[in-house]
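An overview of the molecular structure
As a plain string of letters, each chain reads:
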Amino acid sequence: MVGLVQTGGPVVALLLAMSVVALALVLVKLAQFLRARLWQRKPARRALGLWQRGEGEQALELAHASANPTAQALARAIRGMRRQLPESAVREEVLRYGSDALFQLRRGLRPLEVIGSLAPLLGLLGTVLGMIEAFQELEAAGSQVNPAVLSGGIWEALLTTAVGLSVAIPVVALLNWLERRVDHLAHEMDDLVTQVFTEDLSAASEAEAPVRRAADRTGAAASPQPASATPQQAYAGTL
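Below is a summary of the structure that appears in this document. The structure displayed is predicted, hence computed values, not measured ones.

Cut-offs and rules
Residues numbered from 1 in each chain as written. Predicted model: local features only at pLDDT ≥ 70, side-chain atom pairs only at ≥ 80, totals over all residues. Heavy atoms only, no water. Core = buried A, V, L, I, M, F, W, Y, C linked by side-chain atoms within 4.5 Å. Buried < 20%, exposed > 50% of the residue type's maximum accessible area, 1.4 Å probe, protein only. Helix = DSSP H or I, 4+ residues; strand = E, 2+ residues; numbered from the N terminus. Axes fitted to C-alpha atoms, helices over the stretch in contact; angles between N-to-C directions. Contact = heavy atoms within 4.5 Å. Patch = residues over 30% accessible without salt bridge, like charges linked within 9 Å, V, L, I, M, F, W, Y side chains within 5 Å. Areas by Shrake-Rupley, 256 points an atom, 1.4 Å probe, with all protein chains shown as cover. Salt bridge = Lys/Arg side-chain N within 4 Å of Asp/Glu carboxyl O. Phe/Tyr/Trp six-rings, centres within 6.5 Å; stacked < 30°, edge-to-face > 60°. Lys NZ or Arg CZ within 6 Å of the ring centre and 35° of its normal.

**Quick look at the nonpolar core**
- Among the nonpolar cores identified, the biggest contains 49 residues, and L15, L74, I78, L112, V193 and V196 are the most heavily contacted of them.
- At the level of elements, α2 (10–35), α3 (42–52), α4 (56–65), α5 (69–82), α6 (87–106), α7 (109–141) and α8 (147–197) are the ones that each hand at least two residues to this core.
- The element best represented in this core is α8, accounting for 14 residues.

Following this line, the structure appears as structure tokens:
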């Protein structure tokens, strides 16, 4: 590591420092996601199912026991509806909690984005500075040009680009994965909490369809059919 810094100069030292910061941020975010139980999606869905079946107390206990932000938002919505608070007030409180939870989960992602964007540029800057230094040495050599000096200066210059890409690629990949997890959580939170205030129209329509068809058949059978005219009635009609 010391030899790498000595060869690449201050640019490589800066890139290595950025990699240490990025690693620390990733570990902090992973620990935060683990504490928030982002991978535990079943408790919130089970609590919603209990609520839709009319078991409000059990649904509230199950949602409140989970540390997942979706379950916590669901618990607030169920608690507000059970207290018969105005729906607008319950929605505002759930929205406030959800926005704060997502903000906390997104904290620290911006520095990772900056590191992923700046690392290749710093590597390219180091390469340009190294090439300038190599050609300055070539100019100073005059007619006694040593190809080894030029090639050595070039590979030392390209080293900074390699280090910059080595830092940026994993940082960008991890950043996209972390952001995707937060986006999934935001979508699931919005979807499940909304179902607390609404009816499942798809399930209701499927349950009501057989009833409507049976009612239609019953009504059709009960409707009077026009009777055919008797010969006497037909004869009287001609008079």
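From this point, the narrative continues.
**Concerning the packing of α2 against α6**
- Following both chains from N to C, one finds α2 and α6 inclined at 145°, their axes separated by 10 Å at the closest point. Every residue of α6 that contacts α2 at K29, Q32 and F33 is listed here: Q104, L105 and R106.

**Thoughts on a nonpolar patch on the surface**
- A grouping of L124, L125, V128, L129 and I132 is seen on the molecular surface, where their side chains present a nonpolar patch of about 430 Å² in accessible area.
- As for its position among the elements, L124 is in helix α7.
- What makes L124 partly exposed here is its relative accessible area of 48%.

**Things to note about the environment of L38**
- Inspection of the secondary structure assignment puts L38 in the loop between α2 and α3.
- Between the C-alpha atom of L38 and that of T70, which follows or precedes it by 32 residues, the distance is 8.6 Å.
- Not counting residues up to four positions away in its chain, the partners in contact with L38 are F33, N68, P69, L105, R181 and L185.

**Describing the packing of aromatic side chains**
- Under the counting rule described, the total for this entry stands at one aromatic pair.
- Lying across the ring of Y97, R76 places its NZ or CZ 4.0 Å from the centre.
- Here the basic side chain of R91 rests over the ring of F197, its NZ or CZ set 4.4 Å away from the ring centre.

**Structural notes on the pattern of salt bridges**
- Going through the model one piece at a time under the given rule, you end up with seven salt bridges.
- Between R41 and E188 there is a salt bridge, and its shortest N-O distance comes to 3.3 Å. Placement of R41 in the loop between α2 and α3 and of E188 in helix α8 is noted, with a sequence separation of 147 residues between them.
- Judged by relative accessible area, R41 falls into the partly exposed class, the value being 42%.
- Between R76 and E93 there is a salt bridge, with the nearest N and O atoms lying 3.9 Å from each other. With R76 in helix α5 and E93 in helix α6, this pair connects stretches of sequence that are 17 residues apart.
- Each of R41, R45 and E188 takes part in salt bridges that share partners, so that together they form one network.

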